[in-house]
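Structural overview
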Amino acid sequence: MIELELLKTALLLGGLILLGGCYGILYGIGKLANWRALRLAGFACYGLQCVIALAVVGLSPLTTPWKLVVIIGTLGFFGIPPITWRFVELTHEAEGHT
Amino acid sequence: MYRSQQLAVKYLTAAIALFGVMTIAGLMSAYYYINPNFLFGLLDFNIAKILHIDTLIIWLLMGFMGAIYWFLPEEFGIEIAGIRAAEVLFYVFCGVVAVVAAVFIFVQYGGSDALGMWLVNQGRKYVEAPRWAAIGVVIVMLVFAYNVIGTAIRAKKMTGIMAVLIIDLVPLIILYLNAFAAYRNMSEDLYWWWWLVHLWVEGTWEVLIGCIMALALMSLLGTSRRIVETWLYIEVALVMGTGILGLGHHYFWIGTPQYWLAVGGFFSAFEPLPLLGMVVHAVYDAGTHRMKTTNRPAFFWIMAEAFGNFIGAGVWGFMITLPQINLYAHGTQWTVSHGHFAFWGAYACGVIGVCYLVLGKVRGAAMLDGIAWRWAFATLNIGLIGMAGALLISGFGQAFVERALGGSTLEAFIAGQESPSFVASMYARFLFGLVFAGGYVLLIYDFVTLGRRVPARVAQAVAS
């Protein structure tokens, strides 16, 4: 039944963003503590996020344009933590903050 | 302390008092779901709900104004322009809020005519306040704008944060004028009403809290102006870039043209991305300062703002933002869950953080810490997460039973309301509401006593 599939998709989408948040947090803490395992755990979260995105593409009744939006959004998530981190470091370094 | 800062303390005090009224009205609203006969005929559910959501708007607005009145003289180095008018209007504002609340509680209903709209209730969610009171709000906001702009002119100085704030005040006031509209066509009415509700909450308020957080971070952590201003510009660009047309996610099922499905869904889908950037930045700030600050409660509440915003607006919002899913989820407790979490994360945590920051300065405490604020922080957040979780489960049950299985008939609506998941969740929501209310009491205790209590370690050192 397509309605029930859509409701399951909603939970998948929530999980998708939540894992993106876990990726960002673990990546950040890993960088701060210079702890490689945490950064890897962050990337693992991103990997799970990709799996969920693929599940949405493969299993959900969303139409193709919406699946594309989910894929583009998931790809966007990958770049945000490292780019943000680098930018924050640069702005702080430029101002003499550590 | 500047007079403007004394006024800020009054505004923040009034905001926290209204936060309490909102909590009580929310508890009542939650209890009606368990016992529909509660206060039947005396104070029905709709009145409690009006009090709950209207005080939410007003306490946050007063909190924002208090924060700006606090930082404004520090930013410009002079007393604000029009301070006398601002002081008088504070009491007018409080008086108006009290009278409107009394009208809602004791008069409750007006006729469906102009007189009813002018004196009792305009009948539009979040902006129910009668027209005379809405005119009062416009006057207060205009004087507030004059305070900000006039001070910048008098000081012959402009900072990046203040420029963003001044630009933001224009749509903030203009959009509120929408509160006066009275359309006979419901689709037309909702179309413009969302301009007010969405573009305030996901547009102008986001910018306003961004300015306040920028000022708070400079004051709390000594972060340089260049850093906070750079981030403010980026945040404003990203939030407005996705948020303005994200307005479309409210236009899905209210009789607007079909293209809003694509526009609203597309832009809303990217709204979590800037929020993730804020989370990463918060982790950086928390880490570089090693959670060490002279004002720990303010620091923790401001950090909670970034995380709560991401989860409440980002995670909860994304679940229901695509039009196909929203068809089943809109108007259920699922939306209510998102609303609770998003308002809490995006705004309430920030305002509470500013309250602690101001308290630290007012009490002249070299170090603000203790146990009470931790308990308040924990219980308020656990209560809120519990409520949002219970509402999510009940909303999912509603979407499942009433919308997906039942086809949105009246019979299906009743079946949804009576489903075990819905009923159990309503009890859970009320219980977590009580936890939240307990957290509010602890917060008040901490506000009253913080900086006046002697920390245990200090007392021990003195004794030895």
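Computed from a predicted structure; not experimentally measured.

**Details of the overall build of chain B**
Helix and strand counts for chain B stand at 17 helices and 0 strands. Over its C-alpha atoms chain B spans a radius of gyration of 22 Å, differing by no more than 12% from the 23 Å that the globule rule assigns to 464 residues. Taking the principal axes of the C-alpha coordinates as reference, chain B spans close to 70 × 50 × 45 Å. The proportion of buried residues among the 464 residues of chain B is 60%.

**Concerning the overall build of chain A**
Looking only at helices and strands, chain A features 3 helices and 0 strands. Helices and strands in chain A line up, N terminus first, as α-α-α. Computed over the C-alpha atoms, the radius of gyration of chain A is 16 Å, more than 25% above the 13 Å expected from 2.2 N^0.38 for a compact globule of 98 residues. Across its three principal directions, the C-alpha atoms of chain A cover 60 × 25 × 15 Å. In chain A, the proportion of contacts linking residues at least 24 apart, taken out of those at least 6 apart, comes to 62%.

**Some remarks on a nonpolar patch on the surface**
All names here are of chain B. A cluster of nonpolar side chains, Val99, Leu115, Trp118, Leu119, Trp132, Ile135 and Ile139, forms an exposed patch at the surface whose accessible area comes to about 630 Å². Positionally, Leu115 belongs in helix H4 (residues 114-119). A residue is classified by how much of its surface remains accessible, and Leu115, at 58% relative accessible area, is exposed.

**Focus: the packing of aromatic side chains**
All names here are of chain B. According to the stated counting rule, one finds 52 aromatic pairs over all chains in the structure shown. Ring geometry for Tyr191 and Trp192: centres 5.1 Å apart, planes at 80°, overall edge-to-face. Take Tyr191: its relative accessible area is 23%, and that puts it in the partly exposed class. Put simply, the rings of Phe19, Trp59, Phe299, Phe300, Trp301, Trp344, Trp373, Phe377, Phe436 and Tyr440 touch in pairs and so form one group of aromatic residues.

**Considering helix H16 (residues 420-449) of chain B**
With 30 residues, H16(B) extends 44 Å from end C-alpha to end C-alpha; this agrees with the ideal 44 Å at 1.5 Å per step. Following H16(B) by one or two positions, B:Gly451 has its phi on the positive side, about 85°.

**Some details on the interface of chain B and chain A**
Across the contact, 43 residues belong to chain B and 41 residues belong to chain A. Buried area between chain B and chain A, summed over both chains or domains, comes out near 3,800 Å², and the portion from carbon and sulfur atoms is 85%. For chain B, the biggest contributors to the area lost against chain A are B:Val280, B:Tyr284 and B:Gln324; these three give 17% of the whole. At the surface where chain B touches chain A, the tally comes to 0 salt bridges. Scanning the region where chain B abuts chain A turns up 0 residue pairs in polar contact (both at pLDDT 80 or more).

**Points about the side chain of B:Gln108**
Of note, B:Gln108 is situated in the loop between helix H3 (83-107) and H4. In terms of polar contacts, B:Gln108 uses its side chain to reach the backbone carbonyl oxygen of B:Ile105, at 3.0 Å.

**Observations concerning unusual backbone geometry**
All names here are of chain B. At Lys156, a residue that is not glycine, the phi angle is positive and equals roughly 50°. Phi at Ser408 takes a positive value of approximately 60°, unusual for a residue other than glycine. With respect to the helices and strands, the residue Ser408 is situated in the loop between helix H14 (372-405) and helix H15 (410-418). Residue Ser408 is classed as partly exposed on the basis of its relative accessible area of 44%.

**A word on the pattern of salt bridges**
Residues and elements named next belong to chain B. Following the criterion strictly, the structure yields 10 salt bridges over all chains and no others. Note that Arg84 is salt-bridged to Glu87, the shortest N-O span being 3.6 Å. Linking Arg84 with Glu87, this pair stays in helix H3, spanning 3 residues, or about one helical turn. Since its relative accessible area comes to 13%, Glu87 is described here as buried. A single salt-bridge network, built from bridges that share partners, covers Arg3, Arg84 and Glu87.

**Quick word on the packing of helix H10 (residues 272-288) of chain B against helix H11 (residues 296-319) of chain B**
All names here are of chain B. It is the contact of H10 with H11, at a shortest axis distance of 9 Å, that shows an interaxial angle of 155°. In this view, H10 runs roughly antiparallel relative to H11, as classed from their interaxial angle. Like other packed secondary-structure pairs, H10 and H11 cross with a definite hand, here left-handed. For the pair H10 and H11, contact is made by Pro272, Leu275, Leu276, Met278, Val279, Ala282, Val283, Asp285 and Ala286 and by Phe299, Met303, Ala306, Phe307, Asn309, Phe310, Ala313, Gly314 and Phe318, respectively. A class-by-class count of the residues in the contact of H10 with H11 yields 15 nonpolar, 2 polar and 1 charged.

**Digging into the nonpolar core**
Residue and element names in this part refer to chain B. Among the nonpolar cores identified, the biggest contains 166 residues, and Phe19, Trp59, Leu60, Trp205, Trp344 and Tyr356 are the most heavily contacted of them. Residue contributions to this core peak at 21 residues, all from helix H7 (residues 186-221). With residues up to four places along the chain from it excluded, the contact list for Phe19 reads Trp59, Trp344, Ile352, Leu380, Phe436, Tyr440 and Leu443.

**A few points about the confidence of the model for chain B**
A residue-level look at chain B finds 97% of positions with pLDDT of 70 or above and a mean pLDDT of 92. The least confident element of chain B is helix H17 (residues 456-463) of chain B, whose mean pLDDT is 52; the most confident is helix H1 (residues 3-34) of chain B, at 98.

**Quick word on the environment of B:Gly407**
Among the secondary structure elements, B:Gly407 is positioned in the loop between H14 and H15. Considering only alpha carbons, one finds B:Gly407 and B:Tyr328, 79 residues apart in sequence, at a separation of 9.4 Å.

**Some remarks on the environment of B:Trp344**
Residue and element names in this part refer to chain B. By secondary structure assignment, the location of Trp344 is in helix H13 (residues 333-363). Sequence separation between Trp344 and Ala304 is 40 residues; the distance between their C-alpha atoms is 9.6 Å. Once residues lying within four places of it in the same chain are set aside, the contact partners of Trp344 are Phe19, Trp301, Cys349, Ile352, Leu380, Asn381, Leu384 and Phe436. In this structure the side chain of Trp344 is engaged in a polar contact, spanning 3.0 Å, whose partner is the side chain of Asn381.

**Description of the state of the cysteines**
Residues and elements named next belong to chain B. The tally for this structure, following the rule as stated, stands at 0 disulfides over all chains. Summary of cysteine pairing: Cys94 is not part of a disulfide, and the nearest cysteine sulfur, belonging to Cys355, is at 14 Å. By relative accessible area, Cys94 is classed as partly exposed at 25%.

**Overview of the side chain of B:Ser4**
Residue and element names in this part refer to chain B. One can find Ser4 in helix H1. A residue is classified by how much of its surface remains accessible, and Ser4, at 0% relative accessible area, is buried. A polar contact is formed between the side chain of Ser4 and the backbone oxygen of Tyr69, at a distance of 2.5 Å. Not counting the four nearest positions on each side in its chain, Ser4 is found in contact with Tyr69, Pro73, Glu79, Ile80 and Ile83.

What counts and what doesn't
Residue numbers run consecutively from 1 along every chain, following the written order of its sequence. Labels follow written order: the first chain is A, the first ligand is 1, and so on. Per-residue local features of the predicted model are confined to residues with pLDDT of at least 70, and side-chain atom pairs are confined, for both listing and counting, to 80 or more; whole-chain, interface and lining totals are unaffected and use all residues. Only hydrogens and water are set aside; all other atoms, that is, all heavy atoms of the structure, feed into the side-chain values. For helices the rule is a DSSP run of H or I covering at least 4 residues; for strands it is a run of E covering at least 2, with both sets numbered from the N terminus onward. Based on C-alpha atoms, the radius of gyration is set beside the globule rule, defined as 2.2 Å times the residue count to the power 0.38. The buried label applies to any residue whose accessible area, calculated with a 1.4 Å probe on protein chains only, is under 20% of its type's maximum; exposed applies above 50%, and partly exposed to all values in between. Contacts are assigned to residue pairs that have any heavy atoms within 4.5 Å of one another. A patch consists of residues whose relative accessible area exceeds 30% and which take part in no salt bridge; residues with like charges are grouped when within 9 Å of each other, and nonpolar side chains (Val, Leu, Ile, Met, Phe, Trp, Tyr) when within 5 Å. Exposure was quantified through the Shrake-Rupley algorithm and a 1.4 Å probe, taking into account, for residues, occlusion by the shown protein chains and nothing else. Basic side-chain nitrogens of Lys or Arg form a salt bridge, by our definition, when they fall within 4 Å of a carboxyl oxygen of Asp or Glu. Note on aromatic contacts: the rings of Phe and Tyr and the six-membered ring of Trp form a pair at centre separations within 6.5 Å, being stacked when their planes are under 30 degrees apart, edge-to-face when over 60 apart, and tilted otherwise. The span one expects for a helix is its residue count, reduced by one, times 1.5 Å. Two parts lose some accessible area (1.4 Å probe) when they are put together, and adding that loss for both gives the buried area. Contacts described as polar in this section are N or O atom pairs within 3.5 Å, which, within protein, must combine one atom able to donate a hydrogen with one able to accept it, while residues neighboring in sequence count only if both atoms come from side chains. Between N-to-C directions, angles span 0 to 180 degrees; the directions come from axes that are lines fitted to C-alpha atoms, helices contributing only their stretch in contact. An angle below 35 degrees is treated as roughly parallel, one above 145 as roughly antiparallel, one from 65 to 115 as roughly perpendicular, and anything else as oblique. Handedness of a helix crossing follows the sense of rotation of the near helix relative to the far helix, less than a right angle counterclockwise being left-handed and clockwise being right-handed. Three classes are used, and their members are as follows: Ala, Val, Leu, Ile, Met, Phe, Trp, Tyr, Cys and Pro are nonpolar, Asp, Glu, Lys and Arg are charged, and the others, Gly among them, are polar. The criterion is simple. A nonpolar core is a set of buried Ala, Val, Leu, Ile, Met, Phe, Trp, Tyr and Cys residues joined through side-chain atoms within 4.5 Å. The pLDDT value expresses, per residue, how confident the predictor is, ranging between 0 and 100. The definition used for a disulfide is geometric: two cysteine sulfur atoms within 2.5 Å.

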